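# Geometric and topological summary
Take a look at the letters that make up each chain.
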Amino acid sequence: MEDDIYKTIEETYEGSFSEKRSKFVSLAIPVNSEEEVKSHLDELRKIYYDARHICWAYHIGTDEVKFRANDDGEPSGTAGRPILGQIRSFELTDILIAVVRYFGGIKLGTGGLVVAYKAAAANALEQAVIVEKTINETVSITFEYPFMNEVMRIVKEMEPTILSQNFEMSCAMTLQIRRSQIELLRNRLSKVQSLLFVDEHDDTEI
């Protein structure tokens, strides 16, 4: 896979797994920040208030990756880590998987718990529609009006997304394009007389 493409989900998917009367409900949820993770977990605790455990793991970002796994009272390493392992196995990011356990009265043992949480997480991901997105970079430029046609010809040929444009006094545009194309775009634009690069930054497609 190209290094400016990543895989994720765009909506919530639910899976399940049962073992020795214990029921595991799994939810794969798209997230973009740790704040979103906390909000979703708070909501799940309200919805599944009668569950014994809500174990989870998340993976966020492409360059500066953030991830965490939580066993929520299950024996260490038996829940959050297998869930995170499935996220990595499917090569996903910007995702939270929570697995809700309703205890059925029969202990599964550490090995049984690992299998159950892994299977529940995998089942949610098997239901999911996985999408590919690009890692984009953004650049802002200003130029004089007589060079408008030259700039617009480059924009038409390279097809960056135009995030903003203003042609009143001087001309200004903010463009976004996938990372693998940013240097070519900058090089072509730099040949336009009077053009100035105002700023540029990385931006992952939302």
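Below you will find a few notes about this structure. Predicted, not measured: the structure shown is a model, and the values here were computed from it. (Residues numbered from 1 in each chain as written. Predicted model: local features only at pLDDT ≥ 70, side-chain atom pairs only at ≥ 80, totals over all residues. Heavy atoms only, no water.)

With respect to burial, strand β7 (residues 131-143) is a largely interior element, eleven of its 13 residues being buried. Here strand β1 (residues 5-8) pairs with β7 via four bridges, running antiparallel. Residue pairing in the sheet places Ile-5 in a bridge with Thr-134 of β7. With eight bridges connecting them, β7 and strand β9 (residues 171-178) associate as antiparallel partners. When the bridges of β9 are listed, Thr-138 appears paired with Gln-176. (Buried < 20%, exposed > 50% of the residue type's maximum accessible area, 1.4 Å probe, protein only. Helix = DSSP H or I, 4+ residues; strand = E, 2+ residues; numbered from the N terminus. Pairing = 2+ DSSP bridges.)

The five strands are arranged β2-β3-β6-β4-β5 in an open sheet whose pairing can be described as antiparallel. The outermost strands of the open sheet, each flanked by one partner alone, are β2 (13-19) and β5 (66-70). Each neighbouring strand pair of the sheet contributes to a mean axis angle of 15 degrees, computed without reference to strand direction. In the sheet, strand β4 (residues 53-60) pairs with β5 via five bridges, with the strands oriented antiparallel. Looking across to β5, one finds that Ala-57 is bridged to Ala-69. On the sheet, helix α2 (residues 80-89) packs against β4, β5 and β6 (95-102) and is oriented at approximately 35 degrees with respect to β4. (Axes fitted to C-alpha atoms, helices over the stretch in contact; angles between N-to-C directions. Contact = heavy atoms within 4.5 Å.)

In terms of nonpolar packing, the biggest core is built from 23 residues, with Ile-83, Ile-95, Ile-97 and Tyr-117 touching the most fellow members. Of all the secondary structure elements, the ones that give two or more residues to this core are β3 (22-30), β4, α2, β6 and α3 (109-127). Not counting the four nearest positions on each side in its chain, Ile-83 is found in contact with Cys-55, Trp-56, Ala-57, Ile-97, Val-99, Tyr-117 and Ala-121. The next biggest cluster of nonpolar side chains, apart from the first, holds 18 residues, and it includes Phe-147, Ile-177, Leu-185 and Leu-195. (Core = buried A, V, L, I, M, F, W, Y, C linked by side-chain atoms within 4.5 Å.)

Assignment of secondary structure puts Leu-195 in the loop between α5 (179-190) and β10 (196-204). What makes Leu-195 buried here is its relative accessible area of 11%. Note: C-alpha distance between Leu-195 and Trp-56 (139 residues apart in sequence) is 49 Å. Those residues within four positions of Leu-195 in sequence are excluded, and the remaining contacts are Ile-141, Thr-142, Phe-143, Val-151 and Leu-189.

Another aspect to go through is the pattern of salt bridges. Considering all chains together, one arrives at ten salt bridges under this definition. A salt bridge links Asp-42 to Arg-45, with the shortest nitrogen-to-oxygen separation between them at 3.3 Å. With a gap of three residues between them, Asp-42 and Arg-45 both fall in helix α1 (residues 34-47), about one helical turn apart. For Arg-179, the salt bridge goes to Glu-137, with nearest N and O atoms at 3.6 Å. Linking Arg-179 in helix α5 with Glu-137 in strand β7, this pair joins segments that are 42 residues apart in sequence. A single salt-bridge network, built from bridges that share partners, covers Lys-38, Asp-42 and Arg-45. (Salt bridge = Lys/Arg side-chain N within 4 Å of Asp/Glu carboxyl O.)

Locating Glu-144 in the fold gives a position in the loop between β7 and α4 (148-158). Counting along the chain gives 137 residues from Glu-144 to Lys-7, while the straight-line C-alpha distance between them is 40 Å.

Now for α3. Helix length check: α3 (19 residues) gives 27 Å between terminal C-alpha atoms against 27 Å at 1.5 Å per residue, within 8%. Those residues of α3 lying buried are Leu-113, Ala-116, Tyr-117, Ala-120, Ala-121, Ala-122, Asn-123, Ala-124 and Leu-125. Each element contacted by the buried residues of α3 is listed here: β2, β3, β4, α2 and β6. (Expected span 1.5 Å × (residues − 1).)

Each aromatic ring pair is described using two quantities: the centre-to-centre distance and the angle formed by the ring planes. Applying the stated criterion to the full structure yields three aromatic pairs. Here the aromatic rings of Phe-24 and Tyr-117 are separated by 5.1 Å at their centres, their planes lie at 80 degrees, and the arrangement is edge-to-face. Of this pair, Phe-24 sits in strand β3 while Tyr-117 sits in helix α3; the two residues are 93 residues apart in sequence, bridging distant segments of the chain. Judged by relative accessible area, which is 0%, Tyr-117 ranks as buried. (Phe/Tyr/Trp six-rings, centres within 6.5 Å; stacked < 30°, edge-to-face > 60°.)

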